[in-house]
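# Observations on the three-dimensional arrangement
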Amino acid sequence: MMRVLVIVPGYPADASDSASMPAVVCFIKALNRAADVQVLSLQYPYEPRAYVLDEVKVDALGGAHRAWARVRLMARALSVAKSYHRASSFQAVHAFWLGESSFLGQRLAKSWGVPFVASVGGQEAKQPSLLSRRLDRKQATVTAGSAFASAWLARTTGRSADQVIPLGLDVEDWPRGPQPSKDIDVLGVGSLSTLKRYHEWIEVVRALAVEQPNLRAVLAGDGPERGRLEQLIQRYGLSRHIELLGLRPREEVLPLMRRARVLLHPSDYESQGYVFLEALHAGADVVSRPVGHRPPGPYVREANDVAGFVAATRTALARPARKPQAVPTTADTVAAFMSLYRGVRPPLGSDPAGGPTP
């Protein structure tokens, strides 16, 4: 069985920590069924320890985002990875995302003479760090979760991703049972940060509530913008229309998706946007800016401002409830990455991502 070292900035500390990087975690769990995976987690959990979670072997180095300790952390990571390699050789190295993980992964893969894959996530395609820019593109195969992220990478570094490989949904991990009633008209899920623009989400609900007095909207998430959003809800008198749930574990969010008619996601930037796949598979329409990866189809609508979001959401709400839509799965993702681990690379300089520039 192929042995793969996967380097990540963070990994769930235990089974209850389901909000930590769900797309990557679902992929790694699926990959571990096809390969012998060792995860090296650089920053989180914050305390150093080795443990096993869902049969995946994890070694957490406990960097805890301490900038002053970065050099020591990298030295420790190199030492730990090499000790694993001496015990049982790795045949591939995969880093999430560009930055510390890819800097470390490239050094290890080069010294071992094995294929190296670096995946783009978060905002490093839009705002690449110094370590991201030092990536040797002749050695690394760089992947992105969407053509949108690949286009941003080309804009900021001069070269797009070598391949676009969305992190698929673990449909086997999905809630079972009959489809519940669609009693949530508009759902929002995500970090309450300025980037996600949930103040626009509230403006859309405000406009639609005038037309639909019984409109029900639910927002799951927490973050620095929560206080501002609560003030807007009070100012507009939307307390009976909007329920702010705060941060919820993934096992509680997925049933919300199944109850929702529309996922409204006004974010300015998504490298992939795993939430899009979750919503479509749950039977909800998606309304968003043209960001991330959204499989094409009649249940996805794009807009760029509040007026556009209102019109698109109104149209989606007028549709009858529908069945779940087929989306990329973890099996698709594992098959694509296993090919890269075996050293099958796209032609140098090719741009399979295509798509519009941001």
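Summary of the structure given here. Remember, it's a predicted structure, so these values are computed and weren't measured experimentally.

Because each turn of an α-helix spans 3.6 residues, side chains separated by three or four positions end up pointing in the same direction. Here helix 2 (residues 70-87) is 18 residues long and its end C-alpha atoms lie 26 Å apart, about the 26 Å a rise of 1.5 Å per residue gives. Within helix 2 the residues assigned to the buried category are Leu-73, Met-74, Ala-77, Leu-78, Val-80, Ala-81, Tyr-84 and His-85. Here the buried face of helix 2 lies against strand 1 (3-10), strand 2 (36-44), strand 4 (56-60) and helix 3 (100-112).

To continue, consider the environment of Val-300. With respect to the helices and strands, Val-300 occurs in strand 14 (residues 300-302). Owing to a relative accessible area of 16%, Val-300 belongs among the buried residues under this scheme. For the pair Val-300 and Pro-290, spaced 10 residues apart in sequence, the C-alpha separation works out to 10.0 Å. The residues contacting Val-300, other than those within four sequence positions of it, are Leu-280, Val-286, Arg-294 and Pro-295.

Another point: the environment of Trp-201. For Trp-201, the position within the fold is in helix 6 (residues 198-211). Since its relative accessible area comes to 0%, Trp-201 is described here as buried. C-alpha separation for the pair Trp-201 and Arg-33, spaced 168 residues apart in sequence, amounts to 39 Å. Not counting residues within four places of it along the chain, the set of residues in contact with Trp-201 comprises Val-186, Leu-187, Gly-188, Ala-217, Val-218, Leu-219, Ile-242, Leu-264 and Pro-266.

With that settled, consider the packing of helix 1 (residues 22-31) against helix 11 (residues 330-341). Where helix 1 meets helix 11, the closest approach of the two axes is 9 Å, and the angle between their N-to-C directions is 70°. If you check the angle between helix 1 and helix 11, you find them roughly perpendicular. For the pair helix 1 and helix 11, the crossing hand works out as right-handed. In contact with Cys-26, Phe-27, Ala-30 and Leu-31 of helix 1, helix 11 contributes Thr-330, Thr-333, Val-334, Phe-337, Met-338 and Tyr-341. Residue composition of the contact of helix 1 with helix 11, by class: eight nonpolar, two polar and no charged.

Position of Ala-23 relative to the elements: it lies in helix 1. Placed 143 residues apart in sequence, Ala-23 and Pro-166 show a C-alpha to C-alpha distance of 9.5 Å. If we ignore the near neighbours within four places in the chain, the residues touching Ala-23 are Leu-167 and Tyr-274.

Bringing the pairing of strand 3 (residues 49-53) into the picture now. Strand residues, when the strand is regular, have side chains that alternate between the two faces of the sheet. Summarising the sheet, strand 3 and strand 4 pair through five bridges and their orientation is antiparallel. What sits directly across from Leu-53, in strand 4, is Val-56. With antiparallel pairing between neighbouring strands as the criterion, strand 3 and strand 4 make up a hairpin whose turn holds two residues, including Asp-54 at a positive phi of roughly 55°.

The strand order across the open sheet formed by eight strands is 3-4-2-1-5-6-7-8, and the pairing between neighbours is mixed. Two strands in the sheet have a free side with no partner beyond their single neighbour: strand 3 and strand 8 (163-164). As paired strands, strand 1 and strand 2 are joined by seven bridges and run parallel to one another. Across the sheet, the residue bridging to Val-8 is Ser-41, located in strand 2. Helix 1 rests against strand 1, strand 2, strand 4 and strand 5 (92-96) of the sheet, and its axis sits at about 165° to strand 1.

Take the sheet that holds strand 11 (residues 242-246) next. Taken together, six strands build an open sheet; the order of strands is 11-10-9-12-13-14 and the sheet is parallel. In the strand order of this sheet, the two ends are held by strand 11 and strand 14, each with one partner. Across the sheet, the mean angle separating the axes of adjacent strands is 20° when strand polarity is ignored. Summarising the sheet, strand 10 (residues 217-220) and strand 11 pair through four bridges and their orientation is parallel. If you follow Val-218 over to strand 11, its bridge partner there is Glu-243. Along the sheet face, helix 6 touches strand 9 (184-189), strand 10, strand 11 and strand 12 (260-265) and points at about 170° away from the line of strand 9. In the packing of helix 10 (residues 306-317) onto the sheet, contacts are made with strand 9, strand 12, strand 13 (285-288) and strand 14, and the angle to strand 12 comes to roughly 165°.

What counts and how
Residues numbered from 1 in each chain as written. Predicted model: local features only at pLDDT ≥ 70, side-chain atom pairs only at ≥ 80, totals over all residues. Heavy atoms only, no water. Helix = DSSP H or I, 4+ residues; strand = E, 2+ residues; numbered from the N terminus. Expected span 1.5 Å × (residues − 1). Buried < 20%, exposed > 50% of the residue type's maximum accessible area, 1.4 Å probe, protein only. Contact = heavy atoms within 4.5 Å. Axes fitted to C-alpha atoms, helices over the stretch in contact; angles between N-to-C directions. Parallel < 35°, antiparallel > 145°, perpendicular 65-115°, else oblique. Left-handed = near helix turned anticlockwise from the far one by under 90°. Nonpolar A, V, L, I, M, F, W, Y, C, P; charged D, E, K, R; others polar. Pairing = 2+ DSSP bridges.

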